[in-house]
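Fold and contact review
The residues making up each chain are set out below.
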Amino acid sequence: DFKKLWDHNFLMEQALRAQLCVPDFETFAFDVDKFYEATLPNTGGKNADYIPQLAEDKVDPHQFGVSVCTVSGQRHNVGDTSVHFCVQSTSKPITYCIAQNDLGEDTVHRHVGYEPSGRPFNEVALDERALNADAAGLASKLDTIRNDPDLSQNERETLLCETAREWTHSPAIPHNPMINAGAIMSCALVTGESQSAKFEKVESVWNRLCVLDKMGFENATYLSERATADRNFCLAYLMQGAGAWPDGVDLTSTLEFYFMCCSQTANAEMMSVLAATLANGGTNPLTGDVIFSEQVVSNCLALMNACGMYD
């Protein structure tokens with residue numbers, strides 16, 4: 001029985017080996033509680049209301065909890081940490097990681113960039129730098145042909161026409177996966193035979209990441225988000241017009257899948273384990289389950305650091 005417990009308890013193993021990342025966790029937890037008590041009276045701010053189901057008449061704005069999980073699996077919770085809530089935009093990094101798992105980072109980044117946008121998270125705009133660079137390259141080639149003294153007039157005209165005809169350009173794409181356009185594109189890059197198969201994959205990954213409880217789904221929020229999604233539909237059509245989508249993408253189905261990912265529910269305790277899994281290079285510290293490779297997580301954390309606060 002002890003061996004069975006040892007084989008499945010990574011926290012116990014590290015404790016017995018004196019390898020815990022926070023050796024004096026009791027004092028650490030005490031400090032967390034002090035921070036919680038100090039900030040509890042702060043009731044400023046307001047709920048997001050761009051989706052009606054998230055507004056204060058639907059979600060209690062006074063819920064507040066703090067959950068910590070270390071890469072050694074040490075855990076501490078204080079406050080309303082067991083209350084489920086919609087993950088909303090915290091789904092974006094995970095969808096990006098899943099897309100990388102499915103297709104590899106090179107393919108993913110042909111359709112979504114990796115630079116801060118410097119714009120609001122839902123701005124109707126794409127990154128046209130690659131497109132502009134391609135256009136500048138074409139202009140340079142055409143100038144070289146025009147100014148080549150060794151070409152006859154007929155040769156020059158023929159070469160100019162051939163060069164212009166053969167020109168291919170990179171499409172304008174979302175700036176990064178952490179803003180709405182980029183997150184929608186990440187959803188388009190998750191593989192699966194159907195929308196339901198794709199969502200089952202995503203939900204399975206979330207359950208492996210969070211592990212303490214099963215993920216939930218808030219259908220009312222999904223319907224509310226879909227009914228007020230004019231700007232996201234605008235972004236999707238903008239990407240379609242720019243030629244940014246991968247082949248075979250259904251725009252409406254992709255948007256619905258994006259709203260489904262955002263409408264999953266978890267609690268703070270579960271989300272702390274997810275955060276610890278990313279901090280641990282993609283390996284869940286409670287189960288030892290390798291969910292993402294270190295390279296996938298490294299790409300994700302770099303973008304979260306540069307672009308993870310929306311604007």
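Structure shown above.
Attention in this report is confined to the structure presented alongside it.

Reading the values: the criteria
- Residues numbered from 1 in each chain as written.
- Predicted model: local features only at pLDDT ≥ 70, side-chain atom pairs only at ≥ 80, totals over all residues.
- Heavy atoms only, no water.
- Helix = DSSP H or I, 4+ residues; strand = E, 2+ residues; numbered from the N terminus.
- Expected span 1.5 Å × (residues − 1).
- Buried < 20%, exposed > 50% of the residue type's maximum accessible area, 1.4 Å probe, protein only.
- Arc of directions from axis to C-beta.
- Axes fitted to C-alpha atoms, helices over the stretch in contact; angles between N-to-C directions.
- Parallel < 35°, antiparallel > 145°, perpendicular 65-115°, else oblique.
- Left-handed = near helix turned anticlockwise from the far one by under 90°.
- Contact = heavy atoms within 4.5 Å.
- Nonpolar A, V, L, I, M, F, W, Y, C, P; charged D, E, K, R; others polar.
- Pairing = 2+ DSSP bridges.

**Some thoughts on helix α11 (residues 230-242)**
The end-to-end C-alpha distance of α11 is 18 Å, a good match for the 18 Å that 13 residues give at a rise of 1.5 Å each. Turning to α11, its buried residues number three or more, namely Asn232, Phe233, Leu235, Ala236 and Met239. One side of α11 carries all its buried residues, which in axial view fall inside an arc of 155°. Seen from the open side of α11, the exposed residues pointing more than 90 degrees away from its buried face are Asp230 and Gly241.

**Topic: the packing of helix α8 (residues 180-189) against α11**
Running from N to C, α8 and α11 cross one another at 70°; their axes reach a closest spacing of 10 Å. Here α8 lies roughly perpendicular to α11, going by the angle between them. Regarding α8 and α11, the two cross each other, and that crossing is right-handed. Taking contact as the criterion, the partners of Asn180, Ala181, Ile184 and Met185 in α8 are, on α11, Asn232, Leu235 and Met239. Here the contact of α8 with α11 is composed, by residue class, of five nonpolar, two polar and no charged.

**Examining the sheet that holds strand β5 (residues 264-266)**
Strand order in the open sheet made by the three strands is β3-β5-β4, with antiparallel pairing throughout. Because the sheet does not close on itself, it has two edges, and the strands there are β3 (85-86) and β4 (216-217). Where β3 and β5 come together, two bridges link them in antiparallel fashion. Across the sheet, phenylalanine 85 pairs through a bridge with alanine 266, a residue of β5.

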